[in-house]
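Architecture and fold: a report
One-letter residues, chain by chain:
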Amino acid sequence: MRRQRHAKIVATVGPASASPAKLRELFLAGVDTFRLNFSHGSHQDHAAVHAAIRALEKDVGRPIGILQDLQGPKIRIGTLKGGALALPEGETIRFVLEGTDGDRTSIPLPHPEIFAAILPGQNRLIDDGRVRVKVTGLGNDSIEARAVTAGKISNRKGVNLPGTALELSPLTAKDRANLAFGLDLGVDWVALSFVQRSSDMIEARALIGERAGLLAKIEKPSALDHIEDIVRLSDAVMVARGDLGVEIPPEEVPGRQKELVRLCRLAVKPVIVATQMLDSMVGAPTPTRAEASDVATAIYDGADAVMPSAESVAGQYPVEAVAMMDRIISKTEQDKAYRSIVTALRAAIEESPPHAVANTAADLAQAIHAPCIVACTSSGTTASRIARMWRSSRSLRTRTWRGGCACFGAPTASARRTSTPMRRWWSRPRRMHGLRAWPSPRSSSWSSPAFSSERRVRPTIFGSCSSPGAGMINRLLMANDCSERRLRPSDLWHSVPAPCSLLGTSHFRTFRTKAENPFG
């Protein structure tokens, strides 16, 4: 099947969507990747959902991505006498390091790192900002504070500390166990929560290696101070507006969102905009007009994916929410103003020959309505440069490999610099759909699959090149459907789908006829 859009949909799996039947409905409605939230559920529950998704993937014959979202450290108060405590505005309260069944003079806060980092005058938010208190004094094992907004707090509610960087690892013992479990299952992506600095990404990468893509969730203001390094060390980024909006003023969230999307486009990293996109559809079959505009704005900004959360976790209309998001994205991308807006927001081009050639290829392909661009590459850098600049009307997959080439028709910022087959955009290729590699006629290396159409017709294989960008692609293999059949050397097809752009560092030309084809 083929999606009539470029941007992707990442949906969170929860009680309302965990059954195999509901997962199928969500996929058919438009989900490209399923998010498994390891803050909730057991390993057995997640394994069952993973197996159901892989079975669905095999049944529909189309790759489906799985994103594992780690919980990260959670800062919470302890237990209170009677289970809850009402705080009027102006009330003086006291937090203590140890204790249970606390009252307003001894609210348990068992996190020594907070006591080491907090300063007088700083704000502390309880229960997602419903209660705000300001620190007025510090003791060795106590914190004095005054309630700025009235409210009610209860047992084990979360605590946010805007403007305070904590010496905490983003990976708890529970996260490490969950990560090992997820990698053994074979998840495609791992989302790291509570990222504050670049060293957090390095720590996670050391555990994950190349077994999955690493996604940084931007939900702490301290992460914004190191955002360029965090983006550089990640494979993708999520703008977690819910948590981020608790710790920074709401009026700053839209600007931060646009800033993060633009930075990811500049770095050629996929970016997801998440949280409260169609929040009213938790209990209603249709969204508000403001929510529809919110989704469309993310697409106009150039976001690679959008993500419903509560809508698909516990909502009454999870399938309708995904279908609505699919229609909003499709309609936005078909809008006559979409191309000009995305182009106007395109990152500045670096003044160097490789970037200039990539930019020219993208402009030419757009002008002649070429269905794909073939880029000779070994690291994926050439494909990445073009992906940053070009969005085609066709929707094709991208893969890169050492000494090979990449062909793509609708990349966003999805190309990744790697010497191994590139992770599918929210769907990392683990099987080659029945394709078998054959020795390249002009090289001792093996040919590798380069892309396959989402419609699963006319998939293409490219032989590898002897060096990055030097020399022509060796052979182009074409078959009507390779999902069940094996290709033979006699399946060589000697013409390029016209018009097609072929790009390398030493050549740049378009071929429209069989006579001009360099492959034969």
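Residues numbered from 1 in each chain as written. Predicted model: local features only at pLDDT ≥ 70, side-chain atom pairs only at ≥ 80, totals over all residues. Heavy atoms only, no water.

**A few points about the overall build of the protein chain**
When helices and strands are counted, the protein chain shows 15 helices and 23 strands. Looking at the protein chain residue by residue over its 520 residues, the buried ones come to 56%. Contacts in the protein chain between residues at least 24 apart in sequence constitute 67% of all its contacts with a sequence separation of at least 6. Summed over all atoms, the accessible surface of the protein chain reaches about 21300 Å², with 52% contributed by carbon and sulfur. (Helix = DSSP H or I, 4+ residues; strand = E, 2+ residues; numbered from the N terminus. Buried < 20%, exposed > 50% of the residue type's maximum accessible area, 1.4 Å probe, protein only. Contact = heavy atoms within 4.5 Å. Areas by Shrake-Rupley, 256 points an atom, 1.4 Å probe, with all protein chains shown as cover.)

**Here's the deal with helix α9 (residues 253-267)**
A rise of 1.5 Å per residue sets the reference length of α9, with its 15 residues, at 21 Å; its end C-alpha atoms lie 21 Å apart and thus fit the reference within 8%. Where α9 is concerned, the buried positions are V253, Q257, L260, V261, L263, C264 and R265. Immediately beyond the C-terminal end of α9, within one or two residues, lies V268, with a positive phi of roughly 60°. (Expected span 1.5 Å × (residues − 1).)

**What to know about the confidence of the model for the protein chain**
Taken residue by residue, the protein chain gives an average pLDDT of 76. The fraction at 70 or more is 74%. Contacts for the low-pLDDT stretch residues 392-520, under 50 throughout, to residues beyond four places or in other chains number 381 contacts. (pLDDT = per-residue confidence, 0-100.)

**Overview of the sheet that holds strand β7 (residues 123-126)**
Backbone hydrogen bonds hold the strands of a sheet together, and the pairing may be parallel or antiparallel. Taking strand neighbours across the sheet as the criterion, the 6 strands line up as β6-β5-β9-β8-β7-β11 in an open arrangement whose pairing is mixed. In the strand order of this sheet, the two ends are held by β6 (107-108) and β11 (159-160), each with one partner. Bridge count for strand β5 (residues 92-96) against strand β9 (residues 142-147) is 5 bridges, and the pairing is antiparallel. Opposite R94, over in β9, you have E144 as the bridge partner. (Pairing = 2+ DSSP bridges.)

**Examining unusual backbone geometry**
A positive phi angle, close to 60°, is found at V268, a residue other than glycine. For V268, the position within the fold is in the loop between α9 and β15 (271-274). Owing to a relative accessible area of 10%, V268 belongs among the buried residues under this scheme. Positive phi values are uncommon outside glycine, yet T275 reaches one of about 85°. Residue placement: T275 occurs in the loop between β15 and α10 (289-301).

**Describing the pairing of strand β1 (residues 8-13)**
Working note: regular strand, side chains alternate between the two faces of the sheet. Taking burial as the measure, the 6 residues of β1 include 6 buried ones, the bulk of the element. Alternating positions in β1 separate into two faces, K8, V10 and T12 on one and I9, A11 and V13 on the other, with burial throughout. Sheet topology note: the β1/strand β16 (residues 305-307) ladder contains 2 bridges and is parallel. Bridge pairing in β16 places K8 opposite A305. Relative to strand β2 (residues 33-37), β1 is paired through 4 bridges, and the arrangement is parallel. Bridge pairing in β2 links A11 to F34. The handedness of the β1 to β2 crossover, carried by helix α1 (residues 20-29), is right-handed. (Right-handed = clockwise from strand over helix to strand, strands pointing away.)

**So, the environment of A52**
Mapped onto the elements, A52 comes out in helix α2 (residues 43-60). The class for A52 is buried, based on a relative accessible area of 15%. Taking the C-alpha atoms as reference points, A52 and S19, separated by 33 residues in sequence, lie 8.0 Å from one another. Setting aside chain neighbours within four positions, we find A52 in contact with P20 and L23.

**Considerations on the sheet that holds β1**
Around the barrel, 8 strands lie side by side as β1-β2-β3-β12-β13-β14-β15-β16; this closed barrel has parallel pairing. On average, each strand axis in the sheet is inclined to that of its neighbour by 25°, with strand direction left out of account. Across 3 bridges, β15 lies against β16 in parallel orientation. Within β16, the residue paired with I272 across the bridge is A305. With respect to the sheet, helix α12 (residues 318-334) is in contact with β1 and β16, its orientation differing from that of β1 by roughly 165°. (Axes fitted to C-alpha atoms, helices over the stretch in contact; angles between N-to-C directions.)

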